[in-house]
Amino acid sequence: MADGTPTPPREASTFAPDPVFASNAVATRDLADRAHADRSAFWAEQADACVTWGRRPTETLDWSDPPFARWFADGTLNVAYNCLDRHVEAGHGERVALLWEGEPGDARAVTYAELTADVKRAANLLSSLGVGPGDRVVVYLPQIPEAVVAMLAVARLGAVHSVVFGGFSAESLRARIDDAEATLVITADGGWRKGSVSPLKPAVDAALALGGRSTVENVLVIRRGENAVDWVEGRDLWWHEALEGVEAEHTAEMFEAEHPLFILYTSGTTGRPKGILHTSGGYLTQVAYTHRNVFDLRPETDVYWCTADVGWITGHSYVVYGPLANGATQVLYEGTPDSPGPGRWWDLVEKYGVTILYTAPTAIRGFMKAGREIPQARDLTSLRLLGSVGEPINPEAWLWYREVIGSGTTPIVDTWWQTETGAMMISPLPGVTTTKPGAAQTPVPGIVVDVVDDQGVPVADGESGLLVVTEPWPSMLRGIWGDRDRYVETYWGRFGDRYFAGDGARRDDDGDIWLLGRVDDVMNVSGHRLSTAEIESALVSNPLVAESAVVGAADETTGQAVVAFVVLRDKKRRSVTPEEAVARLRAHVADRIGAIARPRTIVLVDELPKTRSGKIMRRLLRDVAEGREVGDTTTLADSAVMGVITAEMR
Ligand code: 7RM
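Position numbers for residues count from 1 along each chain, tracking the sequence in the order it is written. Per-residue local features are limited, in this predicted model, to residues with pLDDT of at least 70; the limit for side-chain atom pairs, both in listing and counting, is 80 or more; totals at the level of whole chains, interfaces and linings are taken over all residues. With hydrogens and water set aside, each side-chain value is computed from the structure's full complement of heavy atoms.

Caption draft 1: Spatial organisation of the overall build of the protein. Across its full length, the protein holds 22 helices and 30 strands. Relative to the globule expectation of 26 Å for 650 residues, the C-alpha radius of gyration of the protein, 24 Å, shows essentially globular dimensions. The principal-axis extent of the C-alpha atoms belonging to the protein is close to 70 × 60 × 50 Å. Residue burial is assigned from relative accessible area. The probe radius is 1.4 Å, only protein chains are included, and a residue is buried under 20% of its type maximum, exposed over 50%, and partly exposed in between. Out of the 650 residues belonging to the protein, those deemed buried represent 60%. Any two residues having at least one pair of non-hydrogen atoms within 4.5 Å are treated as being in contact. If you take every contact in the protein between residues at least 6 apart in sequence, the share linking residues at least 24 apart comes to 70%. Summing over all exposed atoms, the protein offers an accessible surface of approximately 24200 Å²; the carbon and sulfur share of this is 49%. Of the side-chain charges in the protein, 63 are positive and 89 negative, and the distance between the mean point of each set is 3 Å. What counts as a helix is a DSSP run of H or I of at least four residues, what counts as a strand is a run of E of at least two, and both are numbered from the N terminus. The quantity called the radius of gyration is restricted to C-alpha atoms. Its globule counterpart is 2.2 Å times the number of residues to the power 0.38. The accessible surface values rely on the Shrake-Rupley method and a 1.4 Å probe; as for residues, cover is taken only from the protein chains in view. Asp and Glu count as negative and Lys and Arg as positive, but His and the ends of the chain are not part of the count. A charge is said to be at NZ when it belongs to Lys, at CZ for Arg, at CG for Asp and at CD for Glu.

Caption draft 2: Local environment of the sheet that holds strand β16 (residues 303-306). DSSP-based pairing: two strands are paired if at least 2 bridges between them are found. Here 7 strands make up an open sheet; going across it, the order is β5-β4-β17-β16-β18-β19-β20 and the pairing mixed. Two strands in the sheet have a free side with no partner beyond their single neighbour: β5 (107-111) and β20 (412-414). Strand after strand, the sheet turns through a mean of 20° between neighbouring axes, direction not considered. Bridge analysis of strand β19 (residues 385-388) against β20 gives 3 bridges, and the strand direction is parallel. Along β20, the bridge assignment pairs S388 with D414. Axis lines are fitted through C-alpha atoms, for helices just across the contact stretch, and the angle between N-to-C directions can take any value from 0 to 180 degrees. Here helix α6 (residues 112-128) sits on the sheet in contact with β4 (96-101) and β5, set at roughly 85° to β5.

Caption draft 3: Geometry of the nonpolar core. Core analysis: the biggest nonpolar cluster contains 133 residues, and L152, I186, F295 and Y321 have the highest contact counts within it. Here the element with the most residues in this core is helix α7 (residues 145-156); it accounts for 9 residues. Not counting chain neighbours up to four residues away, the residues in contact with I186 comprise L126, V137, V138, V139, Y140, L141, A150, L220, I222 and W239. Buried Ala, Val, Leu, Ile, Met, Phe, Trp, Tyr and Cys residues form a nonpolar core when they are joined through side-chain atoms within 4.5 Å. In terms of nonpolar packing, the next biggest core, distinct from the first, is built from 30 residues, L348, F367, M368 and L380 among them.

Caption draft 4: Main features of helix α17 (residues 484-492). Along α17, the positions that sit buried rather than exposed are R486, Y487, Y491 and W492. Contact partners of the buried residues in α17: β1 (61-65), β2 (68-71), β15 (274-279), β23 (479-480) and β24 (499-507).

Caption draft 5: Main features of the layout of surface pockets. Here the term cavity refers to a set of points on a 1 Å grid, laid over the protein atoms alone, in which a 1.4 Å probe fits but cannot get out; the term pocket refers to an open set having protein on both sides within 12 Å along at least five of seven lines, with lining residues being those that place an atom within 4 Å of a point. Grid points are joined across faces, edges and corners, and a volume is the space filled by probe spheres set on the points. What the second largest pocket holds in volume is close to 380 Å³. Along its surface, the second largest pocket is lined by 19 residues, and A32, H36, T442, P443 and P445 are the ones closest to its centre. If you tally residues by element for the lining of the second largest pocket, the top one is helix α2 (residues 30-37), at 3 residues.

Caption draft 6: Up close: helix α16 (residues 395-405). α16 sits mainly inside the fold: 10 of its 11 residues count as buried. By the burial criterion, the buried members of α16 are P395, E396, A397, W398, L399, W400, Y401, R402, V404 and I405. Following α16 by one or two positions, S407 has its phi on the positive side, about 50°.

Caption draft 7: Focus on the site of the ligand. As a structural note, the neighbourhood of the ligand is formed by 16 residues, with D414, T415, T419, D503 and R518 the closest of them. Whenever a nitrogen or oxygen atom comes within 3.5 Å of another N or O atom, the pair is scored as a polar contact, on the condition that within protein one atom can donate a hydrogen and the other can accept it, and that pairs from neighbouring residues in sequence are kept only if both atoms are in side chains. At a separation of 2.7 Å, an oxygen atom of the ligand approaches a polar side-chain atom of T419. Contacts to the ligand include K615, whose side-chain N or O atom sits 3.3 Å from an oxygen atom. Taking 530 Å² as the accessible area of the ligand by itself, protein coverage stands at 90%. When residues of the shell around the ligand are traced back to their parent elements, those giving at least two are α12 (313-325) and β25 (513-518). Taken together, the residues of the shell around the ligand sort by class into 6 nonpolar, 5 polar and 5 charged. Only heavy atoms are used to decide nearness, and a residue is near a molecule or strand if one of them lies within 4 Å of it. In the scheme used here, Gly and all other residues not listed as nonpolar or charged are polar, with Ala, Val, Leu, Ile, Met, Phe, Trp, Tyr, Cys and Pro taken as nonpolar and Asp, Glu, Lys and Arg as charged.

Caption draft 8: Region of interest: the sheet that holds strand β11 (residues 218-222). If you walk across this open sheet you meet the 8 strands as β12-β11-β8-β6-β7-β14-β15-β23, and the pairing is mixed. Unpaired on one side and paired on the other, β12 (236-238) and β23 mark the two borders of the sheet. In the sheet, strand β6 (residues 136-140) pairs with strand β7 (residues 160-163) via 4 bridges, with the strands oriented parallel. Within the sheet, the bridge partner assigned to V138 lies in β7 and is S162.

Caption draft 9: Structural view of the state of the cysteines. Disulfides are defined as cysteine sulfur pairs within 2.5 Å. Within this structure, the stated rule accounts for 0 disulfides. For the unlinked cysteine C50, the closest cysteine sulfur is that of C83, found at 12 Å. By relative accessible area, which is 1% here, C50 ends up buried.

Caption draft 10: Here's a closer look at empty space enclosed by the protein. The full count for this structure, using the stated rule, is 3 cavities of 30 Å³ or more. Approximately 50 Å³ is the volume found for the largest cavity. L77, N78, V79, A155, G158, A159, F255, H259, P260, L261 and S280 are the residues that line the largest cavity. Considered class by class, the residues forming the lining of the largest cavity number 7 nonpolar, 4 polar and no charged.

Caption draft 11: Broad picture of the packing of aromatic side chains. Stacked, tilted and edge-to-face pairs are distinguished by plane angle, under 30 degrees for stacked and over 60 for edge-to-face with tilted covering the rest, among Phe, Tyr and Trp rings (Trp via its six-membered ring) whose centres lie within 6.5 Å. Tallied over the entire structure, the rule returns 30 aromatic pairs. Seen in terms of ring centroids, Y283 and Y321 are 5.8 Å apart; in terms of plane orientation they differ by 80°. Their pairing is edge-to-face. Of this pair, Y283 sits in helix α11 (residues 281-294) while Y321 is found in helix α12, placing the two residues 38 residues apart along the sequence. Look at Y283 and you get buried, because its relative accessible area is 1%. Their ring planes at 50° and their centres at 6.1 Å tell us that Y487 and Y491 sit as a pair that is tilted. Pair noted here: Y487 and Y491 are both in helix α17, with a separation of 4 residues, about one helical turn. Comparing Y487 with Y491 shows no difference in burial state: the two are buried. In textbook terms, an aromatic cluster arises when at least three aromatic residues are bridged by ring pairs, as seen for W63, F68, W473, Y487, Y491, W492 and Y499. Note that R223 overlies the ring of W238, its terminal NZ or CZ placed 5.7 Å from the centroid. A cation sits over an aromatic face here: R494 above F500, 4.7 Å from the ring centre. Placement of a charge over a ring requires the Lys NZ or Arg CZ to be within 6 Å of the ring centre, with the centre-to-atom vector within 35 degrees of the ring normal.

Caption draft 12: Region of interest: the environment of W417. In this structure, W417 sits in the loop between β20 and β21 (449-452). Sequence-wise, W417 and H259 are 158 residues apart; in three dimensions their C-alpha atoms are separated by 23 Å. Setting aside residues no more than four positions away along its own chain, W417 makes contact with I313, T314, S317, Y318, Y358, V389, G422, A423, M424 and M425. A polar contact is formed between the side chain of W417 and the side chain of Y358, at a distance of 3.0 Å.

See below:
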């Protein structure tokens, strides 16, 4: 690697759980045994352990009308009560829930007692604005404590939130408002990003000014950016003014376990985003269960930090509902990793003594690119567990993460799941699993998955196939908002009673699962199945490479051909000519995987096209690689990137 670490062998070493860690880990080996012995009893047990029910459920799963599952259907609960009041009632009101830090460096610690009071007042306010059970409320906010308050206040009333990531445009926002027929939007004047205020309220104004009548009656505006905003009398209300004199007493009503909790829009294979619907009891059970067991959570002592924005599913499940249901103390950070300098995240880890860090491979590779000196200049010894999510993590990034961020000792949990699954599905258990860099490995106890071929036949170990979930799970999506047929077709059309995840996977000889990327990203070159992730991983293992994205481009002779887009490491690129770099990298891939995987074309680029959540948009690169007009770029974080790449191809 660039910074002096030897390149690990292809089948990198495995890491057995540290014996001291393993001997008192939250999740023990018998968890999987219990789940195997009686899955239904296991989930009933978790529902009891994780949730305080109004009426305890006597039924676990109703799967009489597949693919429409009902979990814990005769139980009642209030999700917000579970995240707040019960901790206060148990005597933990003084425990810090949120260690919030704004990008400019302002900070606030919010205890469970304070958060509970804030949510109760907000619930009273929303209710006075006419929000009731089942109503949809759009939340369009920066990463500030009020985002958590808003979501929980909506949940407390049995209303349904639809959080729209603050980076989405006015048009995307309007499409989501319209699809959900939301009556209220909760926003802020603006939030801090990359050293300045990025306005939000103007986007709401623009969204609501777009053609056609909207269903929105009120816009609640939180003051954060202190940027100037326009005002529509009668529609717009300042949050702080509206809350003046509002009661902090509010009794949580109980709702049925299958009562809707939220809608979250995610992109599918078509241009139109899907409103993924999640409900209450099963969702809360599985997010709390996985958050506790996969992260080995000790709510009394841990300082947990998930870097995801609340606008994504990871923010919903592992910033809001999982950690708060478990009474955890967590860091919430408003800004970007490199503001004001590239060490900001590591400053935060040191300042707050973060013990559990959960982030995405793209961030890790970004830090690798910037150099290990930056994290190494901070004290990161408080960290005891690291998590990864969002895409396959290449072994090199995994090893760097453990070595540089985790002092070479922390377990790493590579967690596979989706917006649709609601909670983690495949992940090592830190005290149990001997981990393999790059593999998510084992379904979490209670989850059953398989790897099948196109016909739905399970493939042999060592073969690639499609990942399916073979049994319903508590936090599964309950549908696509307003589109019953699309739900059935997209996820269940292919294999009937098995959930089709859209991901390729391979089981190795130990039966461990390796995720291979979306199936649309698995290439077929001369009849050989190749994974974009595998080739990317090979490329990134070369010291020249900071990051890469591989696509399969149509090719007359081989069916598809491998085309790689590569960002070179800053320090290295000066020492080789571009031609040399390309030649070396083609040889390197052939060396690591085989000649079949040698990229036909390597394009050196300055940046890769990414969504705002950091996922590489391979679809756009495929367009470029196949010489087509580049398709829809509206979900790109930086819309200029594709123009530059297209120019570089010429
Ligand atoms: C949580 C989240 C889902 C897609 C999924 C995969 C990819 C996520 C991993 C992963 C390999 C992982 N939800 N993915 N986690 N691939 N290993 N640990 O990201 O709905 O936004 O995306 O992300 O392709 O289908 S998501």
